Amino acid sequence: MLDLSASRAPPRDPDDDTPRLECGVFGVFDTPGASAIVALGLHALQHRGQEACGIAAFDGVGFHTERHLGHVGDAFSGDLSERLPGEAAIGHTRYSTAGGSFLRNGQPMFADLQAGGIAIAHNGNLTNFLVLREQLVADGAIFQSTSDSEVILHLIARSRRGKVVDRFIDALRQIEGGYALVALTNKKLIGVRDPLGIRPLVLGDLRGRAVFASETRALNMIGARFVRDVEHGEMVVVSREGIESVRPFPAARARPCAFEYVYFAMPDSVVNGRSVYEVRKRMGERLALECGVPADVVAPVPDSGVPAAIGYAQASGIPYEMGIIRNHYVGRSFIQPTQDARELSVRMKLSPNRAVLAGKRVMLIDDSIVRGTNSVRVVRMVREAGAKEVHLRSASPPIKWPDFYGIDMPDRDQLLAAHRTLKEMTCLLEVDSLGFLSVEGLYWALGAGVRDPVHPQFTDHYFTGEYPTRLLDREIAEGRNDKVERQLSFLIDA
């Protein structure tokens, strides 16, 4: 029997109760030392993907690419001018959402076309990836990876249009899902956002030169000025002649991802015109109004719970304290074989501050609760530190549905809130009380007003089950009674 397991996403760390982020993309054009600037930008986007990273640069004659497993700092330290020369470059940080965490699935991906080379870096997931891949393979296409990003390259290559931009548009009109793309040709830098704007992408200016990035914090890292968000359904084409905006899709209402504000984006970023930090503080404020109880201290589950905990403390009048200290010098933990070892692994990352917790009624604030495995360990740690009561609040609504747009969430049967009542979850998490922000509260924090049930302002299916696009691959898999939802490959990496 052939082993198919190696091409699936790697097994989740039992201590890792957070949804894995999608990816980060970055690109610069007509800028000396482009690859070094891209490496700095990727540093700022490291939180969006920590399994692999890559850079593709063009020196006016040819393309140079490097892809590595691991972190940006380890892969792209030192002088990059000889390794990746050129004045145009794009980069990518990756988690494995479609395809496994192997180097052959790393990005940017590159292809030689009749009109010249093209490199692509992709954030998100295509929801019709398997359908397109099957059609392409049937027509004779040869795939070297199990990543949905490679499908886009094949679609561009097979277009009959003459210009690269027109070929790109042909490809975009065939794909579905949530995505942000940056592409580099021998003459152009291209940035594209999906028709609903699910995945983020911004345009910046570095000394008069265009920059694309997944988040504004990457612009800050290189000293670039934020110009604007790439709009939903927009293709921005940068060349030496200037910047052109192209609209390849029919008009649609934007539905950006609400989870960018809940968890993914860093607090110092501005996403779709909203400060992530301020939105998260407002989530905490609303949480205190919706499900506050008497407590002595408000303590965040670091680091992502910090802004919401500040907002909760300010709204409730309860003192904010660092009840849990995070060790920032512990790398990503490996999968521990025993329960005792897993408990020790959590303690390596998080340490209770006994001086704050002992004898207190503690209000713990976390950004979200996915499976609840990590929450249980944190609660036990706080109790062992002497807390008299432990109350847990999630600054997001209950997560009941998985994602198919680039977020690696567990299946629905593993989501804590999918099939349990609040009382059942309270018992499982071993807390004195449990509360979640309401969907209405989330929209309030986002400054979006009341949620429109017919045309929701955000992509919020994690909480509501209302997906913004059709899920073609999943629909076909269910029709075939096929439980395999991700492309499997017979090529096993060592």
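Residues numbered from 1 in each chain as written. Predicted model: local features only at pLDDT ≥ 70, side-chain atom pairs only at ≥ 80, totals over all residues. Heavy atoms only, no water.

A. Just the overall build of the protein, in detail. Along the protein, the regular secondary structure elements total 16 helices and 21 strands. Within the span of the protein, comprising 494 residues, buried residues form 59% of the whole. Counting contacts in the protein only where the partners sit at least 6 residues apart, residues at least 24 apart contribute 69% of the total. For the protein, the accessible surface area stands at approximately 20,100 Å², while carbon and sulfur atoms represent 52% of it. (Helix = DSSP H or I, 4+ residues; strand = E, 2+ residues; numbered from the N terminus. Buried < 20%, exposed > 50% of the residue type's maximum accessible area, 1.4 Å probe, protein only. Contact = heavy atoms within 4.5 Å. Areas by Shrake-Rupley, 256 points an atom, 1.4 Å probe, with all protein chains shown as cover.)

B. Quick peek at the packing of helix 3 (residues 129-138) against helix 16 (residues 472-479). Running from N to C, helix 3 and helix 16 cross one another at 80°; their axes reach a closest spacing of 6 Å. Classified by the angle between their axes, helix 3 and helix 16 sit roughly perpendicular to one another. Between helix 3, through Phe-129, Leu-130 and Val-131, and helix 16, the contact on the second element is made entirely by Leu-472, Asp-473 and Ile-476. Of the residues that constitute the contact of helix 3 with helix 16, the class distribution is five nonpolar, no polar and one charged. (Axes fitted to C-alpha atoms, helices over the stretch in contact; angles between N-to-C directions. Parallel < 35°, antiparallel > 145°, perpendicular 65-115°, else oblique. Nonpolar A, V, L, I, M, F, W, Y, C, P; charged D, E, K, R; others polar.)

C. Region of the structure containing the side chain of Ser-269. Locating Ser-269 in the fold gives a position in the loop between helix 7 (259-264) and strand 14 (270-271). Of the polar contacts made by the side chain of Ser-269, one reaches the side chain of Glu-215; its length is 2.7 Å. Look past the residues within four positions of Ser-269 in its chain and what remains in contact with it is Glu-215, Thr-216, Arg-217, Arg-274, Ser-275 and Val-276. (Polar contact = N/O pair within 3.5 Å; in protein donor to acceptor, adjacent residues only side chain to side chain.)

D. Representation of the sheet that holds strand 20 (residues 389-394) within the structure. In space, the four strands of this open sheet follow the order 16-19-20-21, with parallel pairing throughout. Only two strands of the sheet have a single neighbouring strand rather than two, namely strand 16 (297-300) and strand 21 (433-436). Sheet twist, expressed as the average angle between the axes of neighbouring strands with direction ignored, equals 20°. As judged from the four bridges shared by strand 20 and strand 21, these two strands associate in the parallel manner. From the neighbouring strand, Ser-394 faces strand 21, where its bridge partner is Phe-436. Helix 8 (residues 276-291) contacts strand 19 (361-366), strand 20 and strand 21 of the sheet and is inclined by roughly 125° relative to strand 21. (Pairing = 2+ DSSP bridges.)

E. Focus on the pattern of salt bridges. Tallied over the full model, the rule gives 22 salt bridges. Among the ionic pairs, Glu-260 bridges to Arg-48, the shortest N-O distance being 2.9 Å. With Glu-260 in helix 7 and Arg-48 in the loop between helix 1 (34-44) and strand 2 (52-58), this pair connects stretches of sequence that are 212 residues apart. With respect to burial, Glu-260 and Arg-48 carry one shared label: buried. (Salt bridge = Lys/Arg side-chain N within 4 Å of Asp/Glu carboxyl O.)

F. Expanded view of the environment of Arg-158. With respect to the helices and strands, the residue Arg-158 is situated in helix 4 (residues 149-158). A relative accessible area of 37% places Arg-158 in the partly exposed class. Residues Arg-158 and Leu-136, 22 residues apart in the sequence, show an inter-C-alpha distance of 9.4 Å. Other than its neighbours up to four places away in sequence, Arg-158 contacts Leu-136, Asp-139, Gly-140 and Ala-141.

G. Structural detail: the side chain of Ser-239. Mapped onto the elements, Ser-239 comes out in strand 12 (residues 235-239). If sequence neighbours within four positions are ignored, Ser-239 has contacts with Phe-29, Lys-187 and Lys-188.

H. Up close: unusual backbone geometry. At the junction of Gln-107 and Pro-108, the peptide bond is cis and its omega measures out at 5° in the coordinates. If you trace the backbone, Pro-108 turns up in the loop between strand 4 (88-94) and strand 5 (109-113). Cis geometry marks the peptide bond from Pro-302 to Asp-303; its omega dihedral reads 0°. Residue placement: Asp-303 occurs in the loop between strand 16 and helix 9 (306-316). Positive phi outside glycine occurs at Asn-272, with the angle close to 55°. Secondary-structure assignment places Asn-272 in the loop between strand 14 and strand 15 (274-275). The phi dihedral of Glu-430 falls on the positive side, at around 60°, and the residue is not glycine. The exposure class of Glu-430 is partly exposed, given its relative accessible area of 34%.

I. Layout of the packing of helix 8 against helix 9. Where helix 8 meets helix 9, the closest approach of the two axes is 6 Å, and the angle between their N-to-C directions is 45°. Put simply, helix 8 runs oblique to helix 9. Crossing geometry of helix 8 relative to helix 9 is assigned as right-handed. In contact with Tyr-277, Arg-280, Lys-281, Gly-284, Glu-285, Leu-287, Ala-288 and Cys-291 of helix 8, helix 9 contributes Pro-307, Ala-308, Ile-310, Gly-311, Tyr-312, Gln-314, Ala-315 and Ser-316. Residues of the contact of helix 8 with helix 9, tallied by class, amount to nine nonpolar, four polar and three charged. (Left-handed = near helix turned anticlockwise from the far one by under 90°.)

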